[in-house]
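# Breakdown of the fold
Here's the letter readout for the chains.
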Amino acid sequence: MVHLTDVTKFYGSKRALGPVSFEIEKGNTVGFLGLNGVGKTTLLRILACGLRPSSGTALVDGFDVLSNPHEVRKRVGYLPELPPVYRDMTVTDYLTFAGRIKGMTADEVARRMPEVQERTRIVEVRDVPTGHLSQGYRQRVGVAQAIIHEPELLILDEPTHDLDPVQIMEMRAMIRSLKDSHTILISSHILPEISRTCDRLLILNDGEIVASGTEEELGEKLFASRTLAVAVRLGADADGDGDGDRAAAVEAARTAIARVAGVTGVQIPDSPGAEAGEAGAVTFRVEGDSDLRAEVCRALVESGHDVVSLNRAERGLERVFVGLVGKGGTWH
């Protein structure tokens, strides 16, 4: 559906994007992540024919954005970060206008209008001027104008921009409902929205794609080690009345884990009395070079300790991203 080969964008001598190469198959929902100014919006605008690339080839459904921009626009629906609404038009008048400038006949617009308003949940405000709408409704109208002509590719740049938590949930549900009829590209600064909505992620840094894949795949690529959270009910050494007895038992459990081949680190709890789920259970964080759950469990049991729970520790998308770009910053 989308095929980019060595696409770049320069503003004078300043490189804003590229070289960027990737393919997106029809029906996929792909999220673009990156710090402010790394080229996400530039990339989306090129695909929407709002910017011309400086070099390289960008194809949408086989049509080049440079040599066939009109054919590309027929196949693309685009919602920029700020919805492009005319505030003195009612919602229905604005969507009619948007459909007509996209080449639809009056009959086609009339046929399409009820479905679009229903899918974007704007039926109740269809006769209201867009300037009187809340930000949430304006975003929905923005999505409506992007899908009015039934595009194959839907591009959403920050679709949850300035929305409150309830509106974000509604927008997420709307995007999910559109996945069955569109290939979708999303740029967002809200990381959970990306991971919950998208099938695949592309991470940009300094105008280039530094990683791609699912959230789980990115975590595996970035971190060679595996992290386990192990909750242990300490053995007989902890039955004494003093803190020293418990501290000795914690150290004994730590030593048993550390002796397992492949374990690269064991974090002792901040407090020897730290509990995890059940009284007397202490949680250790174990780093290893492979999946060592069975080996760690066996070592603890043979050392006289009970394993209450043993799970892979989750890696948040934030940690994956920071590890890839190697610096902090402001999301965009």
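### Re the overall build of the protein chain
Helix and strand counts for the protein chain come out as 11 helices and 14 strands. Long-range pairs, those at least 24 residues apart, make up 70% of the contacts in the protein chain with a sequence separation of at least 6.

### With respect to the environment of Thr 227
Assignment of secondary structure puts Thr 227 in strand β11 (residues 226-233). A relative accessible area of 3% means that Thr 227 is categorised as buried. Sequence separation of Thr 227 and Val 263 is 36 residues, and the distance between their C-alpha atoms is 9.7 Å. For Thr 227, the side chain forms a polar contact with the side chain of Glu 287, separated by 2.8 Å.

### Describing the confidence of the model for the protein chain
Parts of the prediction with low pLDDT should not have their coordinates interpreted in detail. When the pLDDT values of the protein chain are averaged, the result is 85; 84% of them are 70 or greater. In the predicted structure, residues 271-277 sits below a pLDDT of 50 and forms 13 contacts with residues beyond four places in sequence or in another chain. Note that residues 328-332 has pLDDT below 50 and, in this model, 19 contacts with residues that lie over four places away or in other chains.

### Some remarks on the sheet that holds strand β10 (residues 208-213)
Ordered in space as β6-β7-β8-β3-β9-β10, the 6 strands form an open sheet in which the pairing is mixed. Of all the strands in the sheet, just β6 (76-79) and β10 have a single pairing partner and so form its edges. Between one strand axis and the next, the sheet turns through 15° on average, direction left out of account.

### Description of the sheet that holds strand β2 (residues 14-24)
With respect to topology, 4 strands assemble into an open sheet ordered β2-β1-β4-β5, the strand pairing being antiparallel. Here the strands that pair on one side only, and so sit at the sheet edges, are β2 and β5 (63-64). Note that strand β1 (residues 2-11) and β2 share 7 bridges and pair antiparallel. Bridge pairing in β2 places Lys 9 opposite Leu 17.

### A closer look at unusual backbone geometry
Here the bond from Gly 18 into Pro 19 is cis, since omega is 0°, no more than 30 degrees from zero. One can find Pro 19 in strand β2. Here the phi dihedral of Arg 121 falls at roughly 55°; this positive angle occurs in a residue that is not glycine. Inspection of the secondary structure assignment puts Arg 121 in the loop between α4 (106-119) and α5 (135-147). Under the relative-accessibility criterion, Arg 121 is labelled partly exposed at 44%. The phi torsion at Asp 206 lies on the positive side, around 55°, for a residue other than glycine. Of note, Asp 206 is situated in the loop between β9 (200-205) and β10.

### Details of helix α6 (residues 165-178)
Between its terminal C-alpha atoms α6 stretches 20 Å, which fits the 20 Å expected from 14 residues at 1.5 Å a residue. Along α6, the positions that sit buried rather than exposed are Gln 167, Ile 168, Met 171, Arg 172, Met 174, Ile 175 and Leu 178. The buried residues of α6 all sit within an arc of 165° when viewed along its axis, so they share a single face. Facing away from the buried side of α6, by more than 90 degrees, are the exposed residues Pro 165, Val 166 and Met 169. N-capping of α6 is provided by Asp 164, with a side-chain oxygen placed 3.1 Å from the backbone N of Val 166.

### A few points about the packing of aromatic side chains
Counted by the stated rule, this structure contains 3 aromatic pairs. The interplanar angle of 80° and the centroid separation of 5.6 Å between the aromatic rings of Tyr 86 and Phe 97 together place this pair among those described as edge-to-face. Placement of Tyr 86 in the loop between β6 and α3 (91-101) and of Phe 97 in helix α3 is noted, with a sequence separation of 11 residues between them. Through pairs of rings, three or more aromatic residues link up here, namely Tyr 86, Tyr 94 and Phe 97. A cation over a ring is seen here: Arg 140 above Tyr 137, with NZ or CZ 4.7 Å from the ring centre.

Cut-offs applied
Residues numbered from 1 in each chain as written. Predicted model: local features only at pLDDT ≥ 70, side-chain atom pairs only at ≥ 80, totals over all residues. Heavy atoms only, no water. Helix = DSSP H or I, 4+ residues; strand = E, 2+ residues; numbered from the N terminus. Contact = heavy atoms within 4.5 Å. Buried < 20%, exposed > 50% of the residue type's maximum accessible area, 1.4 Å probe, protein only. Polar contact = N/O pair within 3.5 Å; in protein donor to acceptor, adjacent residues only side chain to side chain. pLDDT = per-residue confidence, 0-100. Pairing = 2+ DSSP bridges. Axes fitted to C-alpha atoms, helices over the stretch in contact; angles between N-to-C directions. Expected span 1.5 Å × (residues − 1). Arc of directions from axis to C-beta. Phe/Tyr/Trp six-rings, centres within 6.5 Å; stacked < 30°, edge-to-face > 60°. Lys NZ or Arg CZ within 6 Å of the ring centre and 35° of its normal.

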